[in-house]
Amino acid sequence: AGPPLSLDWSYAKTFEKDLEEFEQERSTSRLNSMRKLHMNKYKRRNLLTFHWGLSEEELKEARRETKKMQRQRSMTQVMLPVQRVEEAYCSIKNFIKKKTKGGKTEEDVEDWSDISNSASTKAST
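Predicted model, so just to flag it, every value in this text is computed and none were measured.

Focus on the overall build of the protein
1) Next: Looking only at helices and strands, the protein features five helices and zero strands.
2) Next: Reading the secondary structure of the protein in the N-to-C direction produces α-α-α-α-α.
3) Next: Within the protein, buried positions represent 6% of all 125 residues.
4) Next: A separation of at least 24 residues holds for 50% of the contacts in the protein among residues at least 6 apart in sequence.

Following this line, the structure appears as C-alpha cells:
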C-alpha cells in the first residue's frame, strides 16, 4: 500500500531503439513483467521522497486520496444491487404513470391489461 505511482507527461529522452529490436527484447522479458510492476512500500517511499522530491505531507495526502477512492469503489460495489432495484422500481413507476394518464387509447388499455395479466400470472406461480 502507500501513495500510488503514476505516469506523467514529462519524460527524459535517453536513447532511441529500433522497434523490432525492442519488441524482440520485450517478448522474452514479458513473462516476469507482473512481478516487475510490484514495488514494496519502502522502495516506493524512497523513490517518491528522495528521487522525486515529494514531502511527507504530499505522501500523506496521496494516501488519503487513495483510501478515499478505494472506499468509494467499495461502496459502489455494495450498492450496485440496490441501485438496480431502484432503477427497476423507477422504470415501473414511470411506466404506470404514463399508462394511467389521460388520453388512453384502446391499444394502451390492451397493453396495460396484458402487463397486469402477466404480472398476476407470475405472482401466482
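Observations regarding the confidence of the model for the protein
Detailed reading of predicted coordinates is not advised where the pLDDT is low.
1) Next: Mean pLDDT for the protein: 77, with 66% of residues reaching 70 or above.
2) Next: Per-element confidence in the protein ranges from a low mean pLDDT of 55 for helix α5 (residues 106-124) to a high of 90 for helix α4 (residues 56-100).

Describing the pattern of salt bridges
1) Next: Per the counting criterion, the structure on display carries four salt bridges.
2) Next: R64 is the partner of E57 in a salt bridge, and the nearest nitrogen-oxygen pair spans 3.1 Å.
3) Next: For E57, a relative accessible area of 49% gives the class partly exposed.
4) Next: One continuous salt-bridge network, built from bridges that share partners, spans R45, E56 and R63.

Conventions and cut-offs
- Residues numbered from 1 in each chain as written.
- Predicted model: local features only at pLDDT ≥ 70, side-chain atom pairs only at ≥ 80, totals over all residues.
- Heavy atoms only, no water.
- Helix = DSSP H or I, 4+ residues; strand = E, 2+ residues; numbered from the N terminus.
- Buried < 20%, exposed > 50% of the residue type's maximum accessible area, 1.4 Å probe, protein only.
- Contact = heavy atoms within 4.5 Å.
- pLDDT = per-residue confidence, 0-100.
- Salt bridge = Lys/Arg side-chain N within 4 Å of Asp/Glu carboxyl O.

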